[in-house]
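# Fold and geometry: a report
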Amino acid sequence: MAIQWFPGHMAKARREVTEQLKLVDVVFELVDARIPYSSRNPMIDEVIKDKPRVVLLNKMDMANLNETKKWMSYFEEQGFYPVLIDSKNGKNLSQVTKAAEIVTKEKFDRMKQKGLRPRAIRAMIVGIPNVGKSTLINRLAKKSIAKTGNMPGVTKKQQWIKVGKTLELLDTPGILWPKFEDQTVGKKLSLTGAIKDSIVHLDEVAIYGISFLQERDLNTFNKHYNIDVTADTPYIEVFDAIGRSRGLKLKGNEIDYESVVELIIRDIRNEKIGKYTFDHISMSEVDDEE
Ligand code: G4P
C-alpha cells in the first residue's frame, strides 16, 4: 500500500508507538536484512529510548549471507540483540522468544526478587511499512490476524497474542516512517519493494540497480540477461543491451526503455538475478547516507 507520510502522520505514528511502548517489556525492531540501515526509521533510537530491544533482520532468505553476518556483528557491537529471521517461511522464530528472554532478564529477575508473580514477557513489533510486520505477527500467532492498514492512525482494539508460554505480543505493530531525506536510501527502498510508488523515479532506481550489479556481480548479471557489458559500460548502453537481448522494442525498432526499467526492478525485487544486500557495512557509507 502506498503511503504519503506528512508531518502530521509522523507525529501521530510516533505518539501511538510511544503509547504502545508503555505496555511492553521489549520491542522487536524489524528491519529488512537486505537493507539493515536503509529500512530503519530515522528516529528509532529517540522513539524506543532505553526500552530493551531486539533487532530482527527479516527476509534473511533474500539477503546475501556474508553481508548479513557483518550486519549481525555490527548490531551486536552497537549493543543491540540481533536475530536473523525469515517470517515468510517461519525460520529461526524460536530465537525471537529466546532473545526477548535474554534482554528482559534483568527486569524479570528484579520483579522476582520483589516477590512479584511471574508473568509473560510483553512485546511489540515496530518497523517501517513492508518489512514484514504482519507476516511475523501471523507466524508467531500461528494464525491470520487482520492487517491494520499500513496507515498510521488506523486504530482497532489491541489484543495480546500468546506466543508459547513466555511471550505475549501486541497484535498491532508500530508503523513508523522510512528515511526519505537520502536519495540512495530511497532507491534501495524501492529496489527491495519497501516503497512501490513513484516517490523515486523508477529509471533512477533501475540505474542504481544495474550499477550495483555491474560493480558487485557482473558475471551473474551478464549471464542472466545474456549480455556482455563491463563494469564501466554506461547505463544507457546496458539498457540497450538488455532491451536487445530480451526483444524489448517499440515500433521502429527502438528500445522500449520503460519495459527495460520495469524488468530490471522486477528481477531484482524478486531475487531473479541473485540475493543481494544493498546496504554495506563500511561505516563510512552509513555515515555518508545520514
Ligand atoms: P508489513 O506488515 O511490515 O507492512 O509487511 P508485510 O508483512 O505485509 O510483508 C510485506 C511483504 O514482505 C509481503 O510480500 C510478505 O510476504 C513479504 N515478507 C515478509 N517477511 C518475509 C520474509 O522473511 N521473507 C520473504 N521472502 N518475504 C517476506 P508481498 O509480496 O507484499 O505479499 P505476498 O506475495 O506475500 O502476499
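Residues numbered from 1 in each chain as written. Predicted model: local features only at pLDDT ≥ 70, side-chain atom pairs only at ≥ 80, totals over all residues. Heavy atoms only, no water.

### Re the environment of Arg266
Structurally, the position occupied by Arg266 is in helix α10 (residues 257-269). Sequence separation between Arg266 and Phe212 is 54 residues; the distance between their C-alpha atoms is 15 Å. (Helix = DSSP H or I, 4+ residues; strand = E, 2+ residues; numbered from the N terminus.)

### Concerning the nonpolar core
Counting residues in each nonpolar core, the largest one holds 70 residues, and the members touching the most others are Phe28, Leu56, Leu57, Leu169, Phe221, Ile242 and Ile264. Ignoring anything within four residues of it in the chain, the contact list for Ile242 reads Phe221, Tyr225, Ile227, Val260, Leu263 and Ile264. Counting residues in hydrophobic clusters, the runner-up holds 16 residues, among them Ile48, Met124, Leu170 and Trp177. (Core = buried A, V, L, I, M, F, W, Y, C linked by side-chain atoms within 4.5 Å. Buried < 20%, exposed > 50% of the residue type's maximum accessible area, 1.4 Å probe, protein only. Contact = heavy atoms within 4.5 Å.)

### A closer look at helix α8 (residues 218-225)
Considered for burial, the residues of α8 that qualify are Phe221, Asn222 and Tyr225. Buried residues of α8, seen end-on, are gathered within an arc of 95° and therefore sit on one face of the element. Exposed positions of α8 whose direction lies more than 90 degrees from the buried face are Asn219 and Lys223. Buried-residue contacts for α8 involve α7 (202-216), α9 (235-246) and α10. Note on α8: the residue one or two positions beyond its end, Asn226, has a positive phi of about 55°. (Arc of directions from axis to C-beta.)

### A short note on the side chain of Lys133
In this fold, Lys133 is placed in helix α5 (residues 133-141). Among the polar contacts made by the side chain of Lys133, one reaches the main-chain carbonyl oxygen of Gly127 at a distance of 3.5 Å. In contact with Lys133, not counting residues within four places along its chain, are Leu30, Ile125, Val126, Gly127, Ile128, Pro173, Gly174 and Ile175. (Polar contact = N/O pair within 3.5 Å; in protein donor to acceptor, adjacent residues only side chain to side chain.)

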